[in-house]
Amino acid sequence: MKSAEIRQHFLDFFNEKQHQIVPSAPMVVKDDPTLMFTNAGMNQFKEFFLGNKTPKSKRVADTQKCLRVSGKHNDLEEVGIDTYHHTFFEMLGNWSFGDYFKEEAIAWAWEILTERYKIDPSILYVTIFEGDQSEGLERDMEAYNFWKKFVPEDRILLGNKEDNFWEMGDQGPCGPCSEIHVDIRSEEEKQKVSGADLVNQDHPQVVEVWNLVFIEFNRKANGSLEQLPEKHIDTGMGFERLCMVLQDKQSNYDTDVFTPLIREIEALTKTEYGTSIEVDRAIRVIADHVRTVYFSIADGQLPSNTGAGYVIRRILRRAIRYGFTFLGQKEAFIHLLVSTLEKQMGDAFPELKREQKLAFNVIREEENSFLKTLDQGLILLDAILKGTKGKELDGAKAFELYDTYGFPYDLTALIASERGYTVDEEGFKASMEQQKNRSRAAASSKAGDWVVLAQDELEEFVGYDTLETQVKVTRYRKMTTAKEGDFYQLVFNLTPFYPEGGGQVGDKGYLEASNGDIYYILNTKKENNLIIHFTETLPTKLEEGFKAVVD
């Protein structure tokens, strides 16, 4: 079964179960201060889980573009080393917003895996949450009893909070979960060691393929848990891993999700996958990273020196460096992979077709720029080595090459070794940690919980017709960032302020209270279809309403 068929079978199955099939949300998150990238399929549905918005359908399914390179969910350093971690990946998922719960989610997951995809039930293991005394959470016996209908009890395993209590981040919807793991080892290996002993032990052939999350709590800003008004289902199945299982492969990179890219990389670099550990790792990194960069550009995020753009630039430069060091590529070639990826995935993700030319040009320019940096770095490194007393390169100097000139540490260490030098790695790490601490301090932000004053399903923009209007505050929360300090976000029932977005600057203006007090709007942005207003201080008597005036 080809990957395109596997994806479509999933969507068709849940369409038969009365789920609305919806498009993937953008991978790059623009208007949520708690997230930089979409790291799970449920991100776009967060407001439904919290009860702040009402979904058009209580049952939804899709394939979601995800990126895990920062924060709590970070797989970047594993990419290339193993065969099943990725930066960009697809997450097949089905959701229930206050409709069905554990019983149906478990039964349908088992049905599609064993009956539609024909996976041998004997190679599947499941986990349930064992409970956590510190949180006052009991063992999930409800899920255990539902699983007993399908799975022998010796293949229903207990999982701790780290593995079986899913949280999107430090705040937000969360709950216990059941993971489904698959053991694709040979029969000989299975006779030696039980698959149950290898679940969640980072074994490359005993991997989690699907996570069924039972959303019933909200993690508040102070760390406490509160019950949500309704219980929800949030599932996520790794598309690339599913393809590995169904195509009878031992690596995600051996499936047709990656083989077209790998063949093209081999042709462009005149190398052969499967002949060298270093070459194989480099090819895997490039195949993974070009997907991340192309999808990011297609979603509107270009490489840059700040924020999400800096993360994307780092990923692309990581790929360039692997090609430079291990595949001998001194000229740009990664941009040539764009057409291969567009042909492969453009039908499922039309944005790739729309932005193919842009992605081609942006990646080419980034490659050419960084390759010049690499050449410049070699000259600088040569000068540093000549001025080094003894045979150890100062770690702070190595970090300066990395931080100022973008010259990777491992390339510095490799070249230094070839010339008979070592590098003070601890000194480099110390300098790196100092820089990270500075970055964390500069980028830190904290969002308080929303305080709801009134239920309102439609935050209406009226700025095309009027520049001032009476408004009511429907909800607000406090924000704190290192850059801006404390401020508040206000959501109105309607607004004349045009929000920042799509390259356009948001309107500025002020709020006038009934007693004449004036509160100036610092900025206006759009978040999850809500108009968000940034103001210096929290107005008094919020429930009385204000006159909103565009300045």
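Coordinates for the structure precede this section.
Report follows, based on the coordinates. (Residues numbered from 1 in each chain as written. Predicted model: local features only at pLDDT ≥ 70, side-chain atom pairs only at ≥ 80, totals over all residues. Heavy atoms only, no water.)

**Description of the overall build of the protein chain**
Line of reasoning, step 1. Across its full length, the protein chain carries 16 helices and 24 strands.
Line of reasoning, step 2. Relative to its full complement of 551 residues, the protein chain shows a buried share of 55%.
Line of reasoning, step 3. Residue pairs at least 24 apart in sequence account for 71% of intrachain contacts in the protein chain once pairs closer than 6 positions are excluded.
Line of reasoning, step 4. Total accessible area on the protein chain is roughly 25200 Å²; 46% of this is exposed by carbon and sulfur atoms. (Helix = DSSP H or I, 4+ residues; strand = E, 2+ residues; numbered from the N terminus. Buried < 20%, exposed > 50% of the residue type's maximum accessible area, 1.4 Å probe, protein only. Contact = heavy atoms within 4.5 Å. Areas by Shrake-Rupley, 256 points an atom, 1.4 Å probe, with all protein chains shown as cover.)

**Some remarks on the packing of aromatic side chains**
Line of reasoning, step 1. What the rule picks out here adds up to 20 aromatic pairs.
Line of reasoning, step 2. A centroid spacing of 5.5 Å and a plane angle of 40° characterise the contact between Tyr 322 and Phe 326, whose relative ring orientation is tilted. On the criterion of helical spacing, the pair formed by Tyr 322 and Phe 326 is a turn pair, its members being four residues apart in helix α10 (residues 307-326).
Line of reasoning, step 3. The class for Tyr 322 is buried, based on a relative accessible area of 9%.
Line of reasoning, step 4. An aromatic cluster of at least three residues, connected via ring pairs, comprises Phe 10, Phe 13, Phe 14 and Trp 210. (Phe/Tyr/Trp six-rings, centres within 6.5 Å; stacked < 30°, edge-to-face > 60°.)

**Focus: the pattern of salt bridges**
Line of reasoning, step 1. Per the stated rule, a full pass over the model turns up 26 salt bridges.
Line of reasoning, step 2. The partner of Arg 219 in a salt bridge is Glu 167, with the nearest N and O atoms 3.0 Å apart. In this pair, Arg 219 is assigned in strand β10 (residues 206-219) and Glu 167 in strand β8 (residues 165-167), connecting sequence segments 52 residues apart.
Line of reasoning, step 3. Judged by its relative accessible area of 9%, Glu 167 is buried.
Line of reasoning, step 4. Where Lys 386 meets Asp 382, a salt bridge forms, and the shortest distance between an N and an O atom there is 3.3 Å. (Salt bridge = Lys/Arg side-chain N within 4 Å of Asp/Glu carboxyl O.)

**Looking at the nonpolar core**
Line of reasoning, step 1. Tyr 117, Trp 147, Ile 180, Trp 210, Leu 242 and Ile 334 are the most contacted members of the largest nonpolar core, which totals 110 residues.
Line of reasoning, step 2. Beyond its immediate chain neighbours, meaning those up to four positions away, Ile 334 contacts Ile 286, Val 290, Leu 316, Ala 319, Ile 320, Ile 363 and Glu 367.
Line of reasoning, step 3. In terms of nonpolar packing, the next biggest core, distinct from the first, is built from 17 residues, Phe 492, Phe 497, Ala 548 and Val 550 among them. (Core = buried A, V, L, I, M, F, W, Y, C linked by side-chain atoms within 4.5 Å.)

**A word on empty space enclosed by the protein**
Line of reasoning, step 1. For the coordinates displayed, the defined rule picks out two cavities of 30 Å³ or more.
Line of reasoning, step 2. By volume, the second largest cavity amounts to about 40 Å³.
Line of reasoning, step 3. Of all the secondary-structure elements, those providing two or more residues to the lining of the second largest cavity are α10 and α13 (356-386).
Line of reasoning, step 4. Of the residues forming the lining of the second largest cavity, the biggest block, three residues, is contributed by α10.
Line of reasoning, step 5. When grouped by side-chain class, the residues that make up the lining of the second largest cavity number five nonpolar, two polar and two charged. (1 Å grid on protein atoms, 1.4 Å probe; cavity = no way out; pocket = protein on both sides within 12 Å on 5 of 7 lines; lining within 4 Å. Points joined across faces, edges and corners; volume = space filled by probe spheres on them. Nonpolar A, V, L, I, M, F, W, Y, C, P; charged D, E, K, R; others polar.)

**Regarding the pairing of strand β17 (residues 468-471)**
Line of reasoning, step 1. Alternating positions in β17 separate cleanly, Thr 469 and Val 471 being buried on one face and Glu 468 and Gln 470 remaining unburied on the opposite face.
Line of reasoning, step 2. Across four bridges, β17 lies against strand β24 (residues 546-550) in antiparallel orientation. Paired with Thr 469 across the two strands is Ala 548, which belongs to β24. (Pairing = 2+ DSSP bridges.)

**Structural notes on the pairing of β24**
Side chains on a regular strand alternate between the two faces of the sheet.
Line of reasoning, step 1. Within β24, four of the five residues are buried, which leaves the element mostly enclosed by the surrounding structure.
Line of reasoning, step 2. Two strands pair when backbone bridges link them, and strand β21 (residues 509-512) and β24 are joined in this way by four bridges, in the antiparallel orientation. Considered in β24, the bridge of Glu 512 is made with Lys 547.

**Some details on the side chain of Asn 211**
Line of reasoning, step 1. You can see Asn 211 is positioned in strand β10.
Line of reasoning, step 2. A residue is classified by how much of its surface remains accessible, and Asn 211, at 8% relative accessible area, is buried.
Line of reasoning, step 3. Residues within four places of Asn 211 in sequence aside, it is in contact with Trp 166, Cys 177, Ser 178, Glu 179, Asp 234, Thr 235 and Gly 236.

**Comments concerning helix α9 (residues 277-298)**
Since there are 3.6 residues in each turn of an α-helix, residues three or four apart along the chain are aligned in direction.
Line of reasoning, step 1. The terminal C-alpha atoms of α9, which comprises 22 residues, lie 32 Å apart, in line with the 32 Å expected from a rise of 1.5 Å per residue.
Line of reasoning, step 2. Burial runs high along α9: 19 of the 22 residues are buried.
Line of reasoning, step 3. Regarding α9, its N-cap is Ser 276, as a side-chain oxygen of that residue lies 3.3 Å from the backbone nitrogen of Glu 278 further along.
Line of reasoning, step 4. Of the residues flanking the end of α9, it is Gly 300, one or two places downstream, whose phi is positive at about 100°. (Expected span 1.5 Å × (residues − 1). Polar contact = N/O pair within 3.5 Å; in protein donor to acceptor, adjacent residues only side chain to side chain.)

**A word on the environment of Thr 292**
Line of reasoning, step 1. Its place among the elements puts Thr 292 in helix α9.
Line of reasoning, step 2. In this structure the C-alpha to C-alpha distance between Thr 292 and Arg 68, which are 224 residues apart in sequence, comes to 9.9 Å.
Line of reasoning, step 3. Here Thr 87 takes part through its side chain, which lies 2.6 Å from a polar atom of the side chain of Thr 292.

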